[in-house]
Amino acid sequence: MSITLENKKVKSSKKIIKNKNKDLVFTNLNIDGYEKVYKIENKKTKLLAIIAIHDTTLGPALGGTRILKYDTFDEALTDALRLSESMTYKAAVAEVGFGGGKSVIILNDEKDKTEKLLESFGEAVDALDGRYICAEDMGCTTKDVAIIRKKTKHVVGLVHDKSSGDPGRYTAYGVLRGIEASAKYLFNDVSLKNVKIAIQGLGNVGKNLIDFLFFKGADLIISDMDEKKLKEFSLKYGTEVVSKEDILKVKCDILVPCARGGIINKETIKELNCSAICGAANNQLLDKDDASLLKEKNILYAPDFVVNAGGLLNVSIELLKDGYNPIISRNKIEKIFDEIYKIYEISKENNISTHMAAIKLAKNKIKHAIGSRQEKIYYPHIL
Ligand code: NAD
């Protein structure tokens, strides 16, 4: 097979990876720029999955498992490639001692997500012997990871006594630090008192962030799809409310996307009325060129994969020898301030977008092995 995918050459070759289950077939897709990309099939359990390992210079590849219906195999492959590459940069900037990976399980039908299918995916992860560590993601619940765990220890995000728990609060704290760095860069003052901040989305991250920002004295504007939630939060924090159509156009100092990806694009950029964008949502830019458009419009953009690394940092602490410690976690996430500020400076000095500056910073850390894994991984759920 030879196909072209987003200018990447794909030449596949069958590869038998030593595994206990003879029904599991790995095909190495040999994709330029990626260490390993496997198509994995098990006809008996109806498993069709992809594990993409982008770069393991700094440590084993860590990344969630998406379990979704995709229209085509190429669509699933594009998702795995794009997400595993951004995990590499996210982990590198955060210095967590992990590389970038991602997996997808392609479903024909929701009812195909059976225990047997998840177990055979676990066998596939196990056959890679720790080069890839999976976690929950879209369509993959904590129950699903517990089933995968039956066949491999290379899993994070399980519910157990030493678990790091819901990452939302820690991700929100990282976003707060990013917002403070943005305020310092814009106004030469970290204080958020009377800074006008518009939050899109009050989910696991947004609901924690609004609390942090309220007590910092920020002037808040909020929006969510859920009218009930919107009313509850506006009463609780005395905020202004705008519709989901208006949140990206509203006049504010800092816009905080905490809902969906792709919301910053050629169309929405024309209508933005903010000085900076700093939020948790993954893949906020529809296209990487959108970062240059923001720069032209003099809107400061905090790269999402740096701002939202709090969840990753938090879970990475779980895998240290002494196990999870919220104080270590908080102290590491605090440093997101420095990374964001550094990225703004690199962008200015080199006259490049902040998105490019963040990738430059990540690549530099990979080149010089800064933050590479020094100690082995301790899985708390097998102690
Ligand atoms: P969530 O699903 O808990 O919350 C999303 C909220 O956004 C919901 O309240 C939803 O009603 C609202 N929403 C959806 N579309 C909207 C729209 N068009 N306008 C306004 N509101 C809208 O998600 P979350 O866990 O809070 O994560 C938010 C974003 O941050 C996601 O993009 C996620 O991938 C990213 N992220 C989350 C974490 C984490 O720790 N949870 C970590 C890294 C990145």
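Residues numbered from 1 in each chain as written. Predicted model: local features only at pLDDT ≥ 70, side-chain atom pairs only at ≥ 80, totals over all residues. Heavy atoms only, no water.

Student: What should I look at first to understand helix H2 (residues 115–127) in this one?
Tutor: Residue pairs spaced three or four apart in an α-helix point in one direction, given the helix's 3.6 residues per turn. For H2, with 13 residues, the first-to-last C-alpha span of 18 Å sits near the 18 Å given by 1.5 Å per residue. When we look at burial in H2, the residues that qualify are Leu-117, Leu-118, Glu-119, Ser-120, Phe-121, Gly-122, Ala-124, Val-125 and Ala-127. A positive backbone phi angle near 55 degrees is found at Asp-129, which sits one or two residues after H2. (Helix = DSSP H or I, 4+ residues; strand = E, 2+ residues; numbered from the N terminus. Expected span 1.5 Å × (residues − 1). Buried < 20%, exposed > 50% of the residue type's maximum accessible area, 1.4 Å probe, protein only.)

Student: Even after reading the chapter, I still don't get the pairing of strand E7 (residues 61–69), so can you show me in this structure?
Tutor: When a strand is regular, its side chains alternate between the sheet's two faces. With respect to burial, E7 is a largely interior element, seven of its nine residues being buried. You can see the chain leave E7, run along helix H1 (residues 73–94) and come back into strand E8 (residues 99–107), and the turn it takes is right-handed. Alignment of E7 against strand E9 (residues 132–136), held across five bridges, turns out to be parallel. By the bridge assignment, Thr-65 is partnered in E9 with Glu-136. (Right-handed = clockwise from strand over helix to strand, strands pointing away. Pairing = 2+ DSSP bridges.)

Student: When you look at helix H12 (residues 336–350) in this model, what are you seeing that I'm missing?
Tutor: Between its first and last C-alpha, H12 extends 21 Å over 15 residues, near the 21 Å set by a 1.5 Å rise per residue. Residues of H12 that are buried include every one of Ile-336, Phe-337, Glu-339, Ile-340, Ile-343, Tyr-344, Ile-346 and Ser-347, and no others. Looking one or two places after H12, you find Asn-351, whose phi comes out positive at around 50 degrees.

Student: When you look at the side chain of Lys-90 in this model, what are you seeing that I'm missing?
Tutor: With respect to the helices, strands and loops of the structure, Lys-90 is situated in helix H1. In this structure, Lys-90 is buried with no salt-bridge partner, the nearest side chain bearing the opposite charge being Asp-304 at 7.8 Å. With sequence-adjacent residues up to four places away left out, Lys-90 is seen in contact with Asn-282, Phe-305, Asn-308, Ala-309 and Leu-312. (Lys, Arg positive; Asp, Glu negative; His and termini not counted. Salt bridge = Lys/Arg side-chain N within 4 Å of Asp/Glu carboxyl O. Contact = heavy atoms within 4.5 Å.)

Student: What am I meant to see in the environment of Thr-142 here?
Tutor: Here Thr-142 shows up in helix H3 (residues 142–149). Contacts of Thr-142, omitting those with residues within four sequence positions, involve Glu-136, Gly-157 and Val-159.

Student: It is not clear to me how the site of the ligand should be interpreted in this structure. Could you clarify?
Tutor: In the neighbourhood of the ligand, 21 residues make up the surrounding shell, with Thr-171, Val-205, Asp-224, Lys-229 and Ala-259 lying closest. In the environment of the ligand, a nitrogen atom lies 3.5 Å from a nitrogen or oxygen atom belonging to the backbone of Met-225. Side-chain polar atom of Lys-229 to an oxygen atom of the ligand: 2.7 Å apart, as the coordinates give it. When its residues are assigned to classes, the shell around the ligand shows eight nonpolar, nine polar and four charged. (Near = heavy atom within 4 Å. Polar contact = N/O pair within 3.5 Å; in protein donor to acceptor, adjacent residues only side chain to side chain. Nonpolar A, V, L, I, M, F, W, Y, C, P; charged D, E, K, R; others polar.)

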